[in-house]
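Listed below, chain by chain, are the residues.
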Amino acid sequence: MSNWMEPANGNVDASEQQPISADEAVTRAEKDTQAKHRIITVERFLRALLGDKRVEEIGESKPTVSGRSSSKKPLKDAFRTANVYFNHFIKVDSFKVMNQEFLLRAISRGAAIICANNFGSIDIVIPVLFGTILAKEFVSAILVQVKNSGEYSATVRRALFTTINPYACGLFDAKVTNPRPVLRVVFALASEQSAVATPPSRSPRGTGDRFTVYDIWCAGAFHETFDVIHPEEEKIVRTHLLNMRDSHDVFRRTNRTMWSALRQMLPCSSTEEDHYNNWVDVPTDGAGEEVEIADDVDEEAELLPAESQAQAADMK
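Since we're looking at a predicted model, the values are computed, not measured. (Residues numbered from 1 in each chain as written. Predicted model: local features only at pLDDT ≥ 70, side-chain atom pairs only at ≥ 80, totals over all residues. Heavy atoms only, no water.)

Caption draft 1: Here's a closer look at the overall build of the chain. When its secondary structure is counted, the chain shows ten helices and nine strands. Taken over 316 residues, the chain has a buried fraction of 38%. Carbon and sulfur atoms form 51% of the exposed surface of the chain, whose accessible area is close to 18300 Å². (Helix = DSSP H or I, 4+ residues; strand = E, 2+ residues; numbered from the N terminus. Buried < 20%, exposed > 50% of the residue type's maximum accessible area, 1.4 Å probe, protein only. Areas by Shrake-Rupley, 256 points an atom, 1.4 Å probe, with all protein chains shown as cover.)

Caption draft 2: Representation of the side chain of Gln100. Turning to its location among the elements, Gln100 is positioned in helix α5 (residues 100-109). Judged by its relative accessible area of 8%, Gln100 falls in the buried class. Not counting residues up to four positions away in its chain, the partners in contact with Gln100 are Lys136, Glu137, Val139, Leu171, Phe172 and Val176. (Contact = heavy atoms within 4.5 Å.)

Caption draft 3: A look at unusual backbone geometry. Unlike most non-glycine residues, Asn118 shows phi in positive territory, near 65 degrees. The topology assignment puts Asn118 in the loop between β4 (111-114) and β5 (124-130).

Caption draft 4: Looking closely at the pairing of strand β7 (residues 182-188). With seven of seven residues buried, β7 lies mostly within the body of the structure. Residues Val182, Arg184, Val186 and Ala188 point to one face of β7 and Leu183, Val185 and Phe187 to the other, with burial holding for every one of them. Bridge analysis of β7 against strand β9 (residues 213-219) gives seven bridges, and the strand direction is parallel. Across the sheet, residue Ala188 finds its bridge partner in β9, namely Ala219. (Pairing = 2+ DSSP bridges.)

Caption draft 5: Here's a closer look at the pattern of salt bridges. Counted by the stated rule, this structure contains ten salt bridges. Between Asp52 and Arg47 there is a salt bridge whose closest N-O contact spans 3.3 Å. Residue Asp52 is classed as partly exposed on the basis of its relative accessible area, which comes to 48%. For Glu56, the salt bridge goes to Arg47, with nearest N and O atoms at 2.5 Å. (Salt bridge = Lys/Arg side-chain N within 4 Å of Asp/Glu carboxyl O.)

Caption draft 6: Region of the structure containing the environment of Gly67. Assignment of secondary structure puts Gly67 in the loop between α3 (52-58) and α4 (75-78). Residues Gly67 and Phe211 lie 144 residues apart in sequence; the distance between their C-alpha atoms is 4.6 Å. Contacts of Gly67, omitting those with residues within four sequence positions, involve Asp209, Arg210, Phe211 and Thr212.

Caption draft 7: Just the packing of aromatic side chains, in detail. Throughout the structure, instances matching the rule amount to nine aromatic pairs. With a centroid separation of 5.7 Å and 40 degrees between ring planes, the pair formed by Phe79 and Phe130 is classed as tilted. Highlighted residues: Phe79 in the loop between α4 and β2 (82-84) and Phe130 in strand β5, separated in sequence by 51 residues. Across this residue pair, the class does not change: Phe79 and Phe130 are buried. (Phe/Tyr/Trp six-rings, centres within 6.5 Å; stacked < 30°, edge-to-face > 60°.)

Caption draft 8: Representation of the nonpolar core in the model. Core analysis: the largest hydrophobic core is formed by 33 residues, its most contacted members being Val42, Phe45, Phe79, Ile142, Leu183, Ile216 and Phe226. Looking at this core, the elements with two or more residues in it are α2 (42-50), α3, α4, β2, β5, β6 (139-147), β7 and β9. The greatest single-element share of this core, amounting to five residues, is contributed by α2. Setting aside its immediate chain neighbours within four residues, Phe226 contacts Leu49, Leu50, Phe187, Leu189, Cys218, Gly220 and Ala221. Counting 27 residues, the second largest nonpolar core, distinct from the first, contains Val92, Val97, Phe119 and Ile164. (Core = buried A, V, L, I, M, F, W, Y, C linked by side-chain atoms within 4.5 Å.)

Caption draft 9: Region of the structure containing α2. Every buried residue belonging to α2 is among Val42, Phe45, Leu46, Ala48, Leu49 and Leu50, and all of these are buried. After α2 finishes, the residue Gly51 shows a positive phi value of roughly 100 degrees.

Caption draft 10: Here's a closer look at the pairing of β9. In terms of burial, β9 is a largely internal element, seven of the seven residues being buried. Pairing analysis gives three bridges linking strand β8 (residues 195-197) to β9, with the strands arranged antiparallel. By the bridge assignment for β9, Val196 is matched with Cys218.

Caption draft 11: Structural view of α5. If you check which residues of α5 are buried, you get Gln100, Leu103, Leu104, Ala106, Ile107 and Ser108. The secondary structure elements touched by the buried residues of α5 are β4, β5 and β6. By the N-cap criterion, in which a side-chain oxygen at the helix start approaches the backbone nitrogen of a residue two or three places on, α5 is capped by Asn99, the distance to Glu101 being 3.1 Å. Just downstream of α5, Gly110 is the residue with a positive phi angle, here 80 degrees. (Polar contact = N/O pair within 3.5 Å; in protein donor to acceptor, adjacent residues only side chain to side chain.)

Printed below as a string of structure tokens:
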């Protein structure tokens, strides 16, 4: 490993480094000030992503889960010294990379993570460093779950946040007793309404909670939700998301015949009649017609040629 990750004294001041940032939210945040450093605070990142107004609102939210009695700070204070820095995403293949040690290495590279397929309830991980010392005990993360389904709307679904457990996913080792706060975010991109909301704090569950998390629900692929989506880009972004949801129906808005043909090539894959009408008489009243089932002998006879059927009758 390079000397940047393993300095003589075991730590390094990350603020001295000058990595290049290409992510739009990070880039726009940099342009807002005259700061020379491309490492930015979590607050500045959220302002670039969601807009100043939204961040002012959610900045006052309290932790959804608080593992320590002293960690009741509002989000803006809890993450005041937290920094992010990435200029690209890496698609990982292993479940085992979700830990403070690996995320420390990702920070040193300037990378955010797209999780391995089927990795629980987390799709994207943005490493977070509290302070400027590159040491794993100061590492936390923004854990993002992305939903592109019409089932999820502007209404916060608290159960989705519950499935993102910083210990269960491996972010914090079982031996870590005083972890840094975690930010959990859900993108409900298919929502027809825009919303940026935080769920209310829940009551403590004895001593079972060892971590502190803050939650943000972002609904709708609109400029009103995401400041990085410009108003003139909304239609393009939403069309792309729609095509991803209905990948086999990409022609449906322009060509009904093509729409039907594509569905007929995907039998049983959805509920529309085109998936069935080539080989099933779909009832219009919701009730099927009862069909008498032939016995085995007659069924076998139907499969035989006429001459063989005559011979079979003689044998009887």
